[in-house]
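# Tertiary structure, described
Spelled out from the first residue to the last, the chains are:
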Amino acid sequence: MGADTAIAPIFPNLLAFLLLLLRRRLLLLTLPVVGPSRLLIASSSLSSTPSVSKPWMDKLRVIQKLASERGSSARIFKAIADPPTTSLQRLKGLTTGGLPTFIDVGNSFGAPAIVEDNFIHQLVQNGKRVVMMGDDTWTQLFPNHFKKSYPYPSFNVKDLHTVDNGCIDHLLPTLYQEDWDVLIAHFLGVDHAGHIFGVDSSPMIEKLEQYNLVLEKVIEVLESQSGPGGLHENTLLLVMGDHGQTLHGDHGGGSPEEVETSIFAMNFKKPPFSIPPEFDTSSGGHNLDGKKMYISSIQQLDFAVTLSALVGIPFPFGSIGRVNTDLYALGSGTLNSEGTNLEKCQNQSELEQWKQNYVNVLCINSWQVKRYIDVYSASSLIGFSHEDLLQIADVYAQADKSWSNTTKKLFLHQNECSDSLLPALKMQIDLYVNFLTSVAELARSKWTEFNLKMMGTGFGIMLVSLLIHLLSIKWVAKQYGASFTCGDSGISLGLIVACFVVVIRASSFLSNSYILEEGKVANFLLATTGIFKLRYTILRKKMLLEAVVFLLLITFCRFTIEIGLSKQAVTSQFLNAYPSWIMSIVSQFPAWMYIAEVVPILVLILLSYLLYKTISSSYFVGIWKYMIMGTILSYMLIAVHWASESGTWSLALVSYGISRNCIPRMIYGIGLGQVSLLAFSQLFNKDKGLDHSKSLVVKTVGMLSALSSVVILLLGKQGPLVALASIIGGCCIMSLGNMEHEAKDSMSDPLAVDPLPVTQWNFLAACMFFCTGHWCAFDGLRYGAAFIGFDEFILIRQAILLTIDTFGFSHILPIFALPFLVARQNMLSQKQFILMRLSQVYLMYGLITATTVTVTMLCVTIHRRHLMVWGLFAPKFVFDVVGLILTDVLICLASLFYFGRVEKDVQQNPSTEK
Amino acid sequence: MNYTKTFLSVVCPWNRDSAPSPTYKTKSTFLDPPWQPPMNQSTAHTPRGDRLIDREIKRSSNRKNMKANATTSSVKFSAEPEPEAEAEVSPSSPSISALEALSVHLISGLGLGLALLLANNVYSVNLVSHPSLTLLLISVIECPIVILLYSRHRKNREECSYLKAVGRGLVGLPVGALVNSLGAIALGAPVGTQYFLTTIYWSLMMSLFTIVPAVSVFGSSWKDWQRIFAQTNCRPIGSLDFMICLPAHGAIIGAWLGAWPMPLDWERPWQEWPICVSYGAMAGYLVAIVVSFSLILVRASFQHDKRD
């Protein structure tokens, strides 16, 4: 839905020759050596330019030659991009005219098609034929837009030549063909050469020289056919880089080297006039020979609208750019001047005509931006502030009012030739430019600014929260005379290992690679603690089996995590070929499918058998027994649901349409009923005074069974397996922790709390997050889970289901299961003692989570201009913060539930902010 | 002259299988500065003397009610209070002098270096370009060195012949490789046909660093294994324990640390499994060898001072 603007087409043919990474410096770096007066100009326009001549500078000589010889028909622009300076983001910015926003986070890894309105889309809508060659990111962004495309794989950074040679092979023949209107050639060699060898290397220079040759040939062809009636009579050539690069060849950040690129625009007709000085934003530069050369500045934001105006198509809907004066002026050479009396005042009218046109374009441009801003702030939750909007509306109203005056004047003087129009037009242009500039500034400040003060405050709050956690752990311990340490030997080994592992995991988040492989890192550390425990068991000659089972479980987790990570990789652009062979394996072995259907149901039956065995023990009496029977019933219902869904078994009893939504809703109902029953009994049931640890176990089992059915249902067929794995893992951690405790019981004070099992519990929970096929990105959410049992979308309900699915096994169940760590350890101890331990365990769990989140915050702060900030760090940060808030809320709930009226441990809920 | 003889006897242990232990003399001459008169037999302490002194220190510092037998005393480890931790030290337990320790360490370390050098110069492969071949070469060269060297210092010399020790070392090699590879897979080593051979060779090398020396020396004595691999709070008693325990732990910790660069996106060839893990293991092994030897030296000089 483009802004329905109608602009006179200026360039029927447009040749966007996208030379990736064409550095501005490569063209202009000879400036500072010329002379003192020129040095001033150079230093003002190129502040980041080193004054030393480097071999890679000055290699695209043809551009400089043209820019200095052709005067106003060939220009070099300094194009300023918005960070992040990655190809995908930049291409999006170039074609949509918008700023990179948080919305891009959703599809960070892949390069999905651009769904927003964009320049290419408008071209196609308006019947232009677009031909693309080079980087295959274009075909991913615009899958159905190109009439012809010659994509080449872009991900192999080490390959300097495939893309470029492919481009060159197709470029020159295409130039002689008539069947296109817009040609895009995207070269990648310079980018890759920079990544691999650095800017200061011979491959880089070779590449640049190659480009120089290609450019020369292209210009030669275009020149030869640019005569009247020729094929390229109205062709505009644009040579541009989508982003710069640092001296090491990296890009993605916001440093001047990365942000500043250049655009070379060339029109093969000489414009009849030169731009009046008051509009001319360019600063004159001089090349090596001392000839004058025009250098203007253009925001990359403005690129989409300016080209739209030049080609004569509607502006992209979401663009906030402004039609650039200089680039637009380049088109004036082909301006169709119909309907005006040129004969009267030849000297003035062309300029005036151009100005009128420009004002027209700016008027539509402003109207389009204003409409976008209105729509945006009406639909967005966190739009612009009221004052900002008012101010913008004010500026726009002023410009609009003046516009109606100007048009009146224009109509009055249509057939005359007078000088009075020019100042009015100039004022009008100024007003529109003012409006558009202020909108762009506002948008930029709202969308890409990092408030360091607020970030610091948030970080400080997290630090304070960590301190409070630590102090309260100590305080609780002191309250009951316990000490953290083991005997009088100082700090126990378990504590050291736990701290070490937690710190290592936390600090691993400082690198993006480890965030990407977070599941593997958590698993690695969990396995390390497992091996550490195995050593203990060897020493004690006890529970060797548990330790080995635990290690085997970790190995199992590890393979599941790898499968999950490969799923993540599938969505990325690197491994698009991946799912095909998985599918082929599945299709080749139908037995495999059958097993995949049967195993979850069998495991589900096993789980219900375990539950049944648990309640048949003497602890569970009365209401608890019936409640857990309810869970077993839900398990059976889940099994029936899956069986009916798969269609492998034809179930004659249930008609498909009813059961599909009916059974899940029944399960939700049972789960909700169980949880409310538990809360109810907690409120009104008196403590019967029986052994507290037993009642704690009963409560925990009740709570877990109530929650588990819903979680398993939402997680789908992997649910039962993961549940079984977490039960086994939990049991192993518990008994291994007990062994430690029993050993200590004999000598040191029995109050010591070992942090290692709590740490392992936390890590196991983290592993479970990745085992269940999630990862910290918005495309890692399993949206399908939100629609189990419901067809229509209601925000809150579906959000709750999605949260349960995402955090079920990693946050909800582990936190409610934590009392197991305490309850089994000392069955005969008094109540106060168990509660003290429980609160300590909960505090430790909170501390571990908070530590991780704190370091994640620090990392995001450090890397806020990193290449992957929207792709990796921001989602990770969001997931962590949501996880932390959920953890703290759940800890509060759990402590309310388990502590009852005896004591309410006050948990702090650290608010986190950016 | 004396030195060369000892060196020969170290390298060719079968020459002196029945000899009592002439190394004590050489040890004293080796350790004492040349201007001092050679120590006579009475002051040169026996390994049992070592151990008794150790025990005395411990006993006086720790548990006073502990019963001590004059000949075969049980040792209670100080910080670890568990009852099973009493290690029986049999009278025929192996003893080792600083010089022997040095030569064992030196030869195994040099063997490693030789293997790397051979791979680089003769076969012109290295760990980065041909990881499996290089690891195989290291294993092949280290295997006889480690088994033959450590079998010389086997425990229970009366019951266990040299050949038997070598035999159990050879049996321990694949078993240790299995244990190591399982551990690596639990920690996240990649599995797949293209990694199969390299994982095998890597685990053979790790087995030579960790399990094989212990198997050659201790056989299947559970208590010794416990002492070597599971004890953390008390230091090993004899020099031989140092020599087995420290390099094994060094190799494992080095490999653990070496795994950390693997996920980084530097796209260097050495980040592949198991190249940096092997580098880490070798580095850890070599560092631990140095530490082990210096600890033995310190201990020896400490006891030397104490005797004076």
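The structure we're discussing is the one just above.
Residues numbered from 1 in each chain as written. Chains lettered and ligands numbered in written order. Predicted model: local features only at pLDDT ≥ 70, side-chain atom pairs only at ≥ 80, totals over all residues. Heavy atoms only, no water.

Let's shift gears to the overall build of chain A. Counting its regular elements, chain A contains 31 helices and nine strands. Taken over 914 residues, chain A has a buried fraction of 58%. Taking the intrachain contacts of chain A between residues at least 6 apart in sequence as the baseline, contacts between residues at least 24 apart amount to 79%. Total accessible area on chain A stands at roughly 37,000 Å², and carbon and sulfur atoms take up 64% of it. (Helix = DSSP H or I, 4+ residues; strand = E, 2+ residues; numbered from the N terminus. Buried < 20%, exposed > 50% of the residue type's maximum accessible area, 1.4 Å probe, protein only. Contact = heavy atoms within 4.5 Å. Areas by Shrake-Rupley, 256 points an atom, 1.4 Å probe, with all protein chains shown as cover.)

Now for the interface of chain B and chain A. Between chain B and chain A, the contact holds 26 residues from the first and 29 residues from the second. Looking at the side of chain B facing chain A, the largest losses of area belong to Leu187, Trp256 and Trp260 of chain B, adding up to 25% of the total buried there. Inspection of the chain B/chain A interface yields zero salt bridges. If you look at where chain B meets chain A, you find five residue pairs in polar contact (both at pLDDT 80 or more). Elements supplying a minimum of two residues to the side of chain B that touches chain A: α6 (162–187), α9 (222–230) and α10 (239–258) of chain B. The greatest single-element share of the side of chain B that touches chain A, amounting to four residues, is contributed by α9 of chain B. (Buried area = accessible area lost by both parts, 1.4 Å probe. Salt bridge = Lys/Arg side-chain N within 4 Å of Asp/Glu carboxyl O. Polar contact = N/O pair within 3.5 Å; in protein donor to acceptor, adjacent residues only side chain to side chain.)

What follows deals with the pattern of salt bridges. All names here are of chain A. A full pass over the atoms with the stated rule returns nine salt bridges over all chains. Ionic pairing is found between Glu517 and Lys520, a salt bridge with its closest N-O pair at 3.3 Å. For Lys520, a relative accessible area of 31% gives the class partly exposed. One connected set of salt bridges, linked through shared partners, spans Arg505, Glu518, Lys876 and Asp880.

The next point concerns the environment of Leu802 of chain A. Residues and elements named next belong to chain A. Locating Leu802 in the fold gives a position in helix α28 (residues 795–817). In this structure Leu802 comes out as buried when scored by relative accessible area, which is 15%. When neighbours within four sequence positions are excluded, Leu802 is seen to be in contact with Leu781, Arg782, Tyr783 and Ala786.

All names here are of chain A. With respect to the helices, strands and loops of the structure, His811 is situated in helix α28. Among the residues examined, His811 registers a relative accessible area of 14% and is labelled buried. Not counting the four nearest positions on each side in its chain, His811 is found in contact with Gly883, Leu886, Thr887 and Leu890.

Moving on, we come to the environment of Ala119 of chain B. Residue and element names in this part refer to chain B. Counting through the fold element by element, Ala119 comes out in helix α4 (residues 98–121). Assessed through its relative accessible area of 1%, Ala119 is described here as buried. Spatially, the C-alpha atom of Ala119 lies 8.5 Å from that of Ile138, the residues being 19 residues apart in sequence. Excluding residues within four positions of it along the chain, Ala119 makes contact with Ser124, Val125, Thr134 and Leu137.

A word on α10 of chain B. Between its first and last C-alpha, α10 of chain B extends 28 Å over 20 residues, near the 28 Å set by a 1.5 Å rise per residue. Of all 20 residues in α10 of chain B, 16 are buried, a share of seventy percent or more. (Expected span 1.5 Å × (residues − 1).)

Among all residues except glycine, the phi angle is most often negative; among peptide bonds, the trans geometry is most common. Residue and element names in this part refer to chain B. Note that the residue after Trp273, namely Pro274, is joined by a cis bond; omega there is -10°. In this fold, Pro274 is placed in the loop between α10 and α11 (275–307). Of note in this structure, Ser124 is not a glycine but carries a positive phi near 45°. Relative to the helices and strands, Ser124 is located in the loop between α4 and α5 (131–152).

Here we take up the packing of aromatic side chains. Applying the stated criterion across every chain yields a total of 17 aromatic pairs over all chains. Relative to Tyr536 of chain A, the ring of Phe532 of chain A lies with its centre 5.5 Å away and its plane at 75°, an arrangement referred to as edge-to-face. One end of the pair is Phe532 of chain A and the other is Tyr536 of chain A, both in helix α19 (residues 518–540) and four residues apart, which spans about a single turn. Taking relative accessible area as the criterion, Tyr536 of chain A reaches 10% and is therefore assigned buried. Each ring, one from Trp256 of chain B and one from Trp260 of chain B, has its centre 5.8 Å from the other, and the planes form 70°; the classification is edge-to-face. (Phe/Tyr/Trp six-rings, centres within 6.5 Å; stacked < 30°, edge-to-face > 60°.)

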